[in-house]
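Spelled out, the chains give:
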Amino acid sequence: MQADLVLKNGLVFTSKGIVEADIAVNEEKVAKIAKGPNIPKGVKTIDCRGKIILPGLIDPHVHFRDPGETEKEDFYTGSCAAAAGGFTLVADMPNNQPPTSTVDAFKSKVKEACSKAVVDFCLYAGCGAENMTEMAYLAGEGAIAFKTWMYLSSPFSNLLAVKDFKEVIQIFTNTSKLGVPIAVHAEDAETIEQATTLLKSSGRKDPAAHSESRPASAEVKAVRVCLDAAKKTGVTLYLLHLTTKGAVEEVKAAKSWGVKVVAETCPHYLFLTEEAILQLGAYAKINPPLRGIEDQKALWGSLVDTVIDCIGSDHAPHRKREKEEGREDIWLAPSGAPNIEVSLPLMLTKVNKGVITLARLVELMSTNAAKLFNLYPARGTIDEGAQGSFTVVDLKSDYKIRADHLYTKAKECMLFDGWMVKGRAIYTIVRGSVVMEEGVVVGSRGFGRFTPRGLTQRRSHSVS
Ligand code: NCD
Ligand code: ZN
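Being a predicted model, the structure only gives us computed values, none of them experimental.

Focus on the overall build of the protein chain
(1) Moving on: Per the secondary structure count, the protein chain includes 15 helices and 18 strands.
(2) Moving on: Its C-alpha radius of gyration of 21 Å places the protein chain within 12% of the 23 Å reference for a compact globule of 464 residues.
(3) Moving on: Considered along the principal axes of its C-alpha atoms, the protein chain spans approximately 75 × 45 × 40 Å.
(4) Moving on: The 464 residues of the protein chain split such that 62% are buried.
(5) Moving on: Sequence separation of 24 or more characterises 76% of the internal contacts of the protein chain that already satisfy a separation of 6 or more.
(6) Moving on: Accessible area for the protein chain stands at about 17600 Å²; split by element, carbon and sulfur atoms hold 50% of it.

Okay, here's the thing in structure tokens:
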């Protein structure tokens, strides 16, 4: 037998620990993990000596802006950035124009993304007060999860956001019945509106006003509401981009009562504090905002003690011109920063420093997202029969992050330019095909495949 691809001499991160072995991939799946003569010859062979082969990393939270705002990013550039950053699968958010909250919008987004993606992708469907009757059909199309905002000042609010507890319960009940998780941007609208009105009326336009308009209490309040609704409805709740000690404590308590909650944080909350908005101004304007050192410490603690389950980049590209509009008046700039290409090197730097283990990184950046999306064990682990998608890592590579080397259209808005990091992906391999090699994207446009929820797996798995 000949295999399509053989990875030789690598340290393979299997479900049973790290083993020195070769991997043969055939017809997109892991055919064999063994040493020496038991491995078939490969049409293509890569020597992975000294490198670690991780299950293909998954970014559960990206905004590729396609359709609607492709001047900021599109599915090709976004997925090239994903491949460069070591991600084999991404889950794209529904706040497009039009929102991915109707079956028509969902289908046409699948079609468009299929023609451009370099890595595999899943899609969230949006939900709000106005598309509740469409939710069952969106689940039928393979939506990976539903997403709603507790706060969204947008003309599309009725398709993407909920305004009160009654709507929260309705949406959670619907998603629970459909057996699909509900992902929430949890910041309380009333708290934010009141704080914003006060700040604006006192003439504040400086960058710190943005942070003050979205206090920690707004997140904690919304998180409590969501956890309460999850408990009542039994839905699996995915709490996106948590930033505060208070939220982490709420999640910890809810987990101990058996609430089905999966929690996420993002690299910018782990590596930057609110000081950054004073230095970087509107470029560091993100929702929720960057926080203080105490919150950051609590986030790191929760990564280690498994309260937080996933790291999503919340890759939210905007144009430099738009960010510059916030120079004199912070309210004018859009929120969000593009991080998908630096998420892994930043986290590997902490692995090198002994802050978290590589095993924990794999849970946070692959396995737990695969479980949440019902794609495990086809994704999120390396075992015979699993998909042949891998992130090959050089843990010893020291380098300086250079914004001008990035693939994202929003490279000028990247927050980590010039940072020294240690550890990077040197190969991104999707279903047996190399899509990134030594930092260069070699995968072709349209190779990436739409990955609907749970087709590869029938039993449900708990996260962590
Ligand atoms: C998000 C975006 O730009 O799409 N921005 C962000 O700061 N996280 C939208 C949002 O979540 O509000
Ligand atoms: Zn987001």
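Re helix H8 (residues 216-233)
(1) Moving on: Between its first and last C-alpha, H8 extends 26 Å over 18 residues, near the 26 Å set by a 1.5 Å rise per residue.
(2) Moving on: What H8 keeps buried is the set Ala 218, Glu 219, Val 220, Ala 222, Val 223, Cys 226, Leu 227, Ala 229, Ala 230 and Thr 233.
(3) Moving on: Lining the buried residues of H8 we find helix H5 (165-178), strand E11 (182-185), helix H6 (189-201), strand E12 (237-239), helix H9 (245-256) and strand E13 (261-265).
(4) Moving on: Backbone geometry just downstream of H8 places Gly 234 in the positive-phi region, at approximately 75 degrees.

Quick notes on the sheet that holds strand E8 (residues 120-123)
(1) Moving on: One open sheet accounts for 3 strands, arranged E6-E7-E8; its pairing is parallel. For this open sheet the edge positions go to strand E6 (57-62) and E8, each flanked by a neighbour on one side alone. On average, each strand axis in the sheet is inclined to that of its neighbour by 20 degrees, with strand direction left out of account.
(2) Moving on: Sheet topology note: the E6/strand E7 (residues 87-92) ladder contains 4 bridges and is parallel. Each bridged residue has a counterpart across the sheet, and for Val 62 the counterpart in E7 is Asp 92.
(3) Moving on: Relative to the sheet, helix H2 (residues 103-114) contacts E7 and E8, its axis offset from that of E8 by approximately 165 degrees.

Focus: unusual backbone geometry
(1) Moving on: Residues Asp 66 and Pro 67 are joined by a peptide bond in cis, for which omega reads 10 degrees.
(2) Moving on: The backbone of Arg 65 sits at a positive phi, close to 65 degrees, despite the residue not being glycine.
(3) Moving on: In this fold, Arg 65 is placed in the loop between E6 and helix H1 (75-84).
(4) Moving on: The exposure class of Arg 65 is buried, given its relative accessible area of 6%.
(5) Moving on: Unusually for a residue other than glycine, Asp 314 sits at a positive phi of about 45 degrees.
(6) Moving on: You can see Asp 314 is positioned in the loop between strand E14 (310-311) and helix H13 (320-324).
(7) Moving on: Owing to a relative accessible area of 5%, Asp 314 belongs among the buried residues under this scheme.

Points about the site of ligand 1
(1) Moving on: If you check the shell around ligand 1, you find His 63, Arg 65, Asn 95, Trp 149, His 185, Ile 286, Asn 287, Asp 314, Ala 316, His 318, Ser 335 and Gly 336 and nothing else.
(2) Moving on: With respect to ligand 1, the side chain of His 63 contributes an N or O atom lying 3.2 Å from an oxygen atom.
(3) Moving on: Gly 336 is positioned such that a nitrogen or oxygen atom in its backbone is 3.3 Å from an oxygen atom of ligand 1.
(4) Moving on: With the chains in place, 92% of the 320 Å² that ligand 1 exposes on its own is no longer accessible.
(5) Moving on: Judged by its atoms lying within 2 Å of the grid points, ligand 1 is housed in the largest pocket.
(6) Moving on: Looking at the shell around ligand 1 residue by residue, the classes come out as 3 nonpolar, 7 polar and 2 charged.

Here's the deal with the pairing of strand E10 (residues 146-149)
In regular strands, side chains alternate between the two faces of the sheet.
(1) Moving on: Going residue by residue along E10, you find Phe 146 and Thr 148 tucked away on one face and Lys 147 and Trp 149 tucked away on the opposite face as well.
(2) Moving on: The pairing of E10 with E11 spans 4 bridges and is classified as parallel. In the strand pairing of E11, Trp 149 is matched with His 185.

Here's the deal with H6
(1) Moving on: The terminal C-alpha atoms of H6, which comprises 13 residues, lie 18 Å apart, in line with the 18 Å expected from a rise of 1.5 Å per residue.
(2) Moving on: Structurally, H6 contributes buried residues whose contacts are with helix H7 (207-213) and H8.
(3) Moving on: Gly 203 occupies a position one or two residues after H6 and carries a positive phi of about 85 degrees.

A few points about the coordination of the zinc ion (ligand 2)
When a metal carries six donors in an octahedron, the ideal angles between them are 90 or 180 degrees, while four donors in a tetrahedron ideally lie at 109.5 degrees.
(1) Moving on: Coordination of the zinc ion (ligand 2) by the protein involves His 61 (NE2), His 63 (NE2) and Asp 314 (OD), with metal-donor separations of 2.1 to 2.2 Å.
(2) Moving on: Sequence spacing of the donor residues for the zinc ion (ligand 2), all on one chain, is H-x1-H-x250-D. Pair noted here: His 63 is in the loop between E6 and H1 and Asp 314 is in the loop between E14 and H13, with a separation of 251 residues, a long-range link. Asp 314 carries the same exposure label as His 63, and that label is buried.

Details of the packing of aromatic side chains
(1) Moving on: Summed over the entire model, instances satisfying the criterion amount to 7 aromatic pairs.
(2) Moving on: By the ring-pair criterion, three or more aromatic residues cluster together here, those being Phe 64, Phe 75, Phe 106, Phe 121 and Phe 450.
(3) Moving on: Seen from the ring of Trp 149, Lys 147 lies directly overhead, with NZ or CZ sitting 3.5 Å from the centre.

Some thoughts on the sheet that holds E14
(1) Moving on: An order of E9-E10-E11-E12-E13-E14 is seen for the 6 strands of this open sheet, with the pairing classed as parallel. The open sheet has two edge strands, strand E9 (125-126) and E14, and neither has a second partner.

With respect to empty space enclosed by the protein
Unoccupied space between atoms shows up once a probe the size of one water molecule is rolled over them.
(1) Moving on: Using the criterion set out here, one finds 2 cavities of 30 Å³ or more in the structure.
(2) Moving on: Size it by volume and the largest cavity reaches roughly 50 Å³.
(3) Moving on: Lining the largest cavity, in full, are Pro 55, Gly 56, Ile 58, Thr 88, Ala 378, Arg 379, Gly 380, Thr 381, Gln 387 and Ser 389.
(4) Moving on: Among the residues forming the lining of the largest cavity, the class breakdown is 3 nonpolar, 6 polar and 1 charged.
(5) Moving on: Put simply, the second largest cavity is a space of about 30 Å³.
(6) Moving on: Surrounding the second largest cavity, Thr 243, Tyr 269, Leu 272, Arg 291, Gly 292, Asp 295, Gln 296 and Leu 299 form its lining.
(7) Moving on: The biggest single contributor to the lining of the second largest cavity is helix H12 (residues 293-304), with 3 residues.

What counts and what doesn't
Residues numbered from 1 in each chain as written. Chains lettered and ligands numbered in written order. Predicted model: local features only at pLDDT ≥ 70, side-chain atom pairs only at ≥ 80, totals over all residues. Heavy atoms only, no water. Helix = DSSP H or I, 4+ residues; strand = E, 2+ residues; numbered from the N terminus. Rg over C-alpha atoms; globule rule 2.2 N^0.38 Å. Buried < 20%, exposed > 50% of the residue type's maximum accessible area, 1.4 Å probe, protein only. Contact = heavy atoms within 4.5 Å. Areas by Shrake-Rupley, 256 points an atom, 1.4 Å probe, with all protein chains shown as cover. Expected span 1.5 Å × (residues − 1). Pairing = 2+ DSSP bridges. Axes fitted to C-alpha atoms, helices over the stretch in contact; angles between N-to-C directions. Near = heavy atom within 4 Å. Polar contact = N/O pair within 3.5 Å; in protein donor to acceptor, adjacent residues only side chain to side chain. 1 Å grid on protein atoms, 1.4 Å probe; cavity = no way out; pocket = protein on both sides within 12 Å on 5 of 7 lines; lining within 4 Å. Sits in = over half its atoms within 2 Å of the grid points. Nonpolar A, V, L, I, M, F, W, Y, C, P; charged D, E, K, R; others polar. Donors = N, O, S within 2.8 Å, 3.2 Å for Na, K, Ca; no water. Phe/Tyr/Trp six-rings, centres within 6.5 Å; stacked < 30°, edge-to-face > 60°. Lys NZ or Arg CZ within 6 Å of the ring centre and 35° of its normal. Points joined across faces, edges and corners; volume = space filled by probe spheres on them.

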